[in-house]
Amino acid sequence: MTKVIEIKHLRKSFGANEVLKDIDFSVNKGEVVCIIGASGSGKSTLLRCVNLLEEPSGGEIIYNGENILDDKHDIYMYRTRLGMVFQQFNLFNNHNVLANCTVGQMKVLKRSKEEAEKVALKYLSVVGMDAYVNAKPRQLSGGQKQRVAIARALSMEPDVMLFDEPTSALDPEMVGEVLKVMKELAESGLTMLVVTHEMGFAREVADRVVFMDNGVIVEEGHPEKIFNDPSHERTREFLKRVL
Ligand code: ADP
Ligand code: MG
C-alpha cells in the first residue's frame, strides 16, 4: 500500500502544555481514516499540524518519501496537495459559490478562469450544489455551505482531504446531507482523514478508526474491532459515553 502521508514521533506543545505526544500514524492511498476522541484530546491540533496550520514542535511528516519539515522543503507546494474542510466552513462571504471554488485554483494552481470554472462545476455537481453557482454564502443553509466548502477543496484536486468535524456546526437536519456526500467521496476512492463525532459514519465508512486521548493514539484498527471489541479501557469508557 502506498502511504500518502506518514507521521513519525509528532509532538506539539503550546507553552508548557504538551498537546500531541509522540504521534505515529499514516494514511494510505484511497483509505478513509476517522479520528475519534473526547474534546481536548488533540484531534484538531493533529490535523492542523498535518497541514502545517500549526508548526509541529518535533517529529516528521513524510510525504512522497521526504520529510516536509526539513528546512529545504517547499511547504507551500505540500500544502496545496492537501484539502481541508473546517467545522465553520470558512467560505469567502463576498464571493459567490462558483468564485469560492475558482479563486484558489487560479491563484495557486495558475489555472485559467475557464478551466477553473469547468473543474469547479464538476465538483459542485459531485456535492449537489451546481444549481447554486451564483448564490452568495449568506443565502445558503449550513449544509449547503459545507457542501460548497467540500467542492472548493476538491477543486484543488488534492492527494488527501482533511475534515475537522465537518458536521459539528450544523443543525441536526443538515448533518445527513453532508455525511452522504462524504460517504460518496469515500466510495469513489478519495483518500480522507476525518475527525468526527459521528460514530455511525466512522463505523460505516472508515477503513480504520484512530482513538485519541490526551495527546496520544490509544489504539487504532478496523471499525468493527474498535467499536465492538476495543483493546483498551480508555477506548471502552469513551465509547460508553458517546454511543
Ligand atoms: P480536540 O480537537 O480533540 O478537541 P484540540 O486539538 O483542539 O482538541 O485541543 C487540544 C488541546 O490543545 C486543548 O487543551 C487546547 O486547549 C489546546 N490548544 C489547541 N490549540 C491551541 C492554541 N492555539 N493555543 C494554545 N492551546 C491550544
Ligand atoms: Mg477539535
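Residues numbered from 1 in each chain as written. Chains lettered and ligands numbered in written order. Predicted model: local features only at pLDDT ≥ 70, side-chain atom pairs only at ≥ 80, totals over all residues. Heavy atoms only, no water.

Colleague: What should I look at first to understand the overall build of the chain in this one?
Modeller: Within the chain, the secondary structure is distributed over nine helices and ten strands. Whereas a compact globule of 243 residues would reach a radius of gyration of roughly 18 Å, the chain reaches 18 Å, a difference of no more than 12%. Going through the 243 residues of the chain one by one, you find that 52% of them count as buried. Nonlocal contacts in the chain, meaning residues at least 24 apart in sequence, comprise 65% of its contacts between residues at least 6 apart. A total of about 11500 Å² of accessible surface is found on the chain, and carbon and sulfur atoms cover 47% of it. For the chain, the separation between the mean place of its 31 positive charges and that of its 35 negative charges on side chains is 4 Å. (Helix = DSSP H or I, 4+ residues; strand = E, 2+ residues; numbered from the N terminus. Rg over C-alpha atoms; globule rule 2.2 N^0.38 Å. Buried < 20%, exposed > 50% of the residue type's maximum accessible area, 1.4 Å probe, protein only. Contact = heavy atoms within 4.5 Å. Areas by Shrake-Rupley, 256 points an atom, 1.4 Å probe, with all protein chains shown as cover. Lys, Arg positive; Asp, Glu negative; His and termini not counted. Charge placed at Lys NZ, Arg CZ, Asp CG, Glu CD.)

Colleague: What's the story with the packing of helix α3 (residues 97-108) against helix α5 (residues 142-155) in this structure? I'm lost.
Modeller: Two quantities define a packed helix pair, namely the angle between the helix axes and the distance between the axes. Where α3 meets α5, the closest approach of the two axes is 8 Å, and the angle between their N-to-C directions is 25°. In this view, α3 runs roughly parallel relative to α5, as classed from their interaxial angle. In this structure, the crossing between α3 and α5 has a hand that is right-handed. Taking contact as the criterion, the partners of Val 97, Asn 100, Cys 101 and Gln 105 in α3 are, on α5, Val 148, Ala 151, Arg 152 and Ser 155. Residues of the contact of α3 with α5, tallied by class, amount to four nonpolar, three polar and one charged. (Axes fitted to C-alpha atoms, helices over the stretch in contact; angles between N-to-C directions. Parallel < 35°, antiparallel > 145°, perpendicular 65-115°, else oblique. Left-handed = near helix turned anticlockwise from the far one by under 90°. Nonpolar A, V, L, I, M, F, W, Y, C, P; charged D, E, K, R; others polar.)

Colleague: Please clarify how the pairing of strand β6 (residues 82-85) should be interpreted in this entry.
Modeller: The side chains of a regular strand alternate, residue by residue, between the two faces of the sheet. Neither face of β6 is exposed, since Leu 82 and Met 84 on one face and Gly 83 and Val 85 on the opposite face are all buried. Two elements, β6 and strand β7 (residues 160-164), share four bridges in a ladder whose sense is parallel. Pairing of Met 84 across the sheet is with Leu 162, part of β7. (Pairing = 2+ DSSP bridges.)

Colleague: Please explain helix α6 (residues 172-187) as it appears in this structure.
Modeller: Each full turn of the α-helix corresponds to 3.6 residues, which orients residues three or four apart in the same direction. Between its first and last C-alpha atoms α6 spans 24 Å; for 16 residues at 1.5 Å apiece the expected length is 22 Å, and the two agree. Where α6 is concerned, the buried positions are Met 174, Val 175, Val 178, Leu 179, Val 181, Met 182, Leu 185 and Ala 186. Projected onto a plane normal to the axis of α6, the buried residues spread over an arc of 160° and lie on a single side. The outward face of α6, more than 90 degrees from its buried face, is lined by the exposed residues Glu 173, Lys 180 and Glu 187. Turning to α6, the residues buried within the fold contact β3 (32-36), α4 (113-126), α5, β7, β8 (192-195) and α7 (199-205). Gly 189 occupies a position one or two residues after α6 and carries a positive phi of about 100°. (Expected span 1.5 Å × (residues − 1). Arc of directions from axis to C-beta.)

Colleague: Is there a simple way to explain the side chain of Thr 196 in this structure?
Modeller: Position of Thr 196 relative to the elements: it lies in the loop between β8 and α7. Taking relative accessible area as the criterion, Thr 196 reaches 3% and is therefore assigned buried. Looking at Thr 196, its side chain comes within polar contact range of the main-chain nitrogen of Glu 198, at 2.8 Å. Among residues more than four places away in sequence, those in contact with Thr 196 are Cys 34, Ile 35, Ile 36 and Ala 202. (Polar contact = N/O pair within 3.5 Å; in protein donor to acceptor, adjacent residues only side chain to side chain.)

Colleague: Sorry if this is basic, but what is going on with the sheet that holds strand β4 (residues 58-63) here?
Modeller: Across a sheet, strands are paired by hydrogen bonds formed along the backbone, either parallel or antiparallel in direction. Strand order in this open sheet of four strands is β2-β1-β4-β5, and the pairing throughout is antiparallel. Each having just a single partner strand, β2 (17-28) and β5 (66-67) make up the two edges of the open sheet. As defined by bridge partners, β4 adjoins β5 across two bridges and the pair is classed as antiparallel. Bridge pairing in β5 links Tyr 63 to Glu 66. Its contacts with the sheet place helix α1 (residues 43-50) against β1 (3-14), β2 and β4, and it is angled at close to 120° to β1.

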